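Inside the fold
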Amino acid sequence: MIRLLKIEFKKILTYKTFWIIFGLYFLFLALGILLAEVMINSMVSNINSHLPIPLPRAVLYTFPNIWQNMTFFASIRYVMIFPAILVIILITQEFANKTIRQNIINGMSRKEFLVSKFQFLVVLSLTVTVIVTMVIFILGITHTDLGSFSDAFRHMDFVFGFFIQMLTFLCFAFFFGFMLRNTGLSIALFTLYTLIIEPILYFLLKAPFMFENKIYTYLPVNSVIRIVEYPSIPKLTGMLGFQIQDSLSPLSLLIPVIYAGILLGIVTYVMNHKDL
């Protein structure tokens, strides 16, 4: 298993595109996390200008709610699209450069090739999750009073939810790249479906004029987003009188995993029965 990972990392160490996109991803991620509270409070201020009783300002960076808040912002589809595009580029380049055929000729089995790719997806997801966790912890320490620091690790299960989000989303991207095998086409269709087609389907299925249904909750990308569906802002939700999300749902974790398993199963079938 380690041997397969070493082969994968040798391919990307000198691949400038990988590091450029990886760097852009963390740049946008950092900006989103650091500016989240400012943007939300700016919206609250605009709303307050039209209300007789002002809404309280949002506090996002204190324990324990910071775990849910920051994993929510880190899992917005417009942010996760960057590592997904990275995965698409890496897999489609295997076909464009014919390195997949060369690996098979050199003795790597088809199963080992797929295992190496899945290992890379897991490692990439873990790397992103660890970095996000470190950023959250540092922000939490610097914004939390000692009196509430005992709650520092409560709600940390949202980090696990974020890892599942990242891994399953990357599996979706891997599926597009493997099946289409063309970098430009794969990125275009994946981006089109993720950012445009599925959100439109979501709102159409949820619209009042549609028959009553819950289909929109089971759309592939939406099922990933729903793991950490909302941020936690107790003062605002308490004042408005509704509860949004206070924990992870086992069902919300299971659905995208099932989707990812089905897509990887299709990839495995194609890998074993089609010409490369």
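Everything in this summary refers to the structure shown in the same document. All values reported here derive from a predicted model rather than from experimental measurement.

Another point: empty space enclosed by the protein. Picture a little ball the size of a water molecule; that probe, rolled over the atoms, points out where space is still empty. Across all of its chains, the model carries one cavity of 30 Å³ or more by this definition. Lining the largest cavity are Glu 8, Val 87, Leu 90, Ile 91, Lys 117, Phe 120, Leu 121 and Phe 174.

The next point concerns the packing of aromatic side chains. Inspection of the entire model under this criterion finds 20 aromatic pairs. Geometrically, the ring pair formed by Phe 28 and Phe 82 is stacked, given 5.1 Å between the ring centres and 15° between the ring planes. Here Phe 82 lies in helix H4 (residues 77-96) and Phe 28 lies in helix H2 (residues 16-48), a separation of 54 residues in the sequence. Of the residues examined, Phe 28 reaches a relative accessible area of 42% and is grouped as partly exposed. With 5.0 Å between their ring centres and 75° between their planes, Phe 72 and Phe 73 make a pair best called edge-to-face. In this structure Phe 73 comes out as buried when scored by relative accessible area, which is 14%. Between Arg 181 and the ring centre of Phe 178, over which it is positioned, the NZ or CZ distance is 5.4 Å.

Applying the stated rule across the entire model yields six salt bridges. With a shortest N-O distance of 2.9 Å, Lys 117 and Glu 8 are connected by a salt bridge. Of this pair, Lys 117 sits in helix H6 (residues 110-143) while Glu 8 is found in helix H1 (residues 2-13), placing the two residues 109 residues apart along the sequence. By the burial criterion, Lys 117 is buried, and Glu 8 matches it.

Viewed as axis vectors pointing N to C, H4 and helix H7 (residues 157-180) meet at an angle of 35°, and their least axial separation amounts to 8 Å. Of the two possible hands of crossing, H4 and H7 adopt the one that is right-handed. Judged by residue contacts, Met 80, Ile 81, Pro 83, Ala 84, Val 87, Ile 88, Ile 91, Thr 92 and Phe 95 of H4 engage Gln 165, Met 166, Phe 169, Leu 170, Ala 173, Phe 174, Gly 177 and Phe 178 from H7. Residue classes in the contact of H4 with H7 are distributed as 14 nonpolar, three polar and no charged.

Time to look at the layout of surface pockets. As a volume, the largest pocket reaches approximately 380 Å³. Arg 77, Tyr 202, Asn 222, Ile 225 and Glu 229 are, among the 15 residues lining the largest pocket, the residues nearest its centre. Counting residues per element, the ones that place at least two in the lining of the largest pocket are H4, helix H8 (183-206) and helix H9 (220-225). Sort the elements by how many residues they give to the lining of the largest pocket and H8 lands first, with four residues. The residue inventory of the lining of the largest pocket, partitioned by class, reads nine nonpolar, two polar and four charged.

Conventions used here
Residues numbered from 1 in each chain as written. Predicted model: local features only at pLDDT ≥ 70, side-chain atom pairs only at ≥ 80, totals over all residues. Heavy atoms only, no water. 1 Å grid on protein atoms, 1.4 Å probe; cavity = no way out; pocket = protein on both sides within 12 Å on 5 of 7 lines; lining within 4 Å. Points joined across faces, edges and corners; volume = space filled by probe spheres on them. Phe/Tyr/Trp six-rings, centres within 6.5 Å; stacked < 30°, edge-to-face > 60°. Helix = DSSP H or I, 4+ residues; strand = E, 2+ residues; numbered from the N terminus. Buried < 20%, exposed > 50% of the residue type's maximum accessible area, 1.4 Å probe, protein only. Lys NZ or Arg CZ within 6 Å of the ring centre and 35° of its normal. Salt bridge = Lys/Arg side-chain N within 4 Å of Asp/Glu carboxyl O. Axes fitted to C-alpha atoms, helices over the stretch in contact; angles between N-to-C directions. Left-handed = near helix turned anticlockwise from the far one by under 90°. Contact = heavy atoms within 4.5 Å. Nonpolar A, V, L, I, M, F, W, Y, C, P; charged D, E, K, R; others polar.

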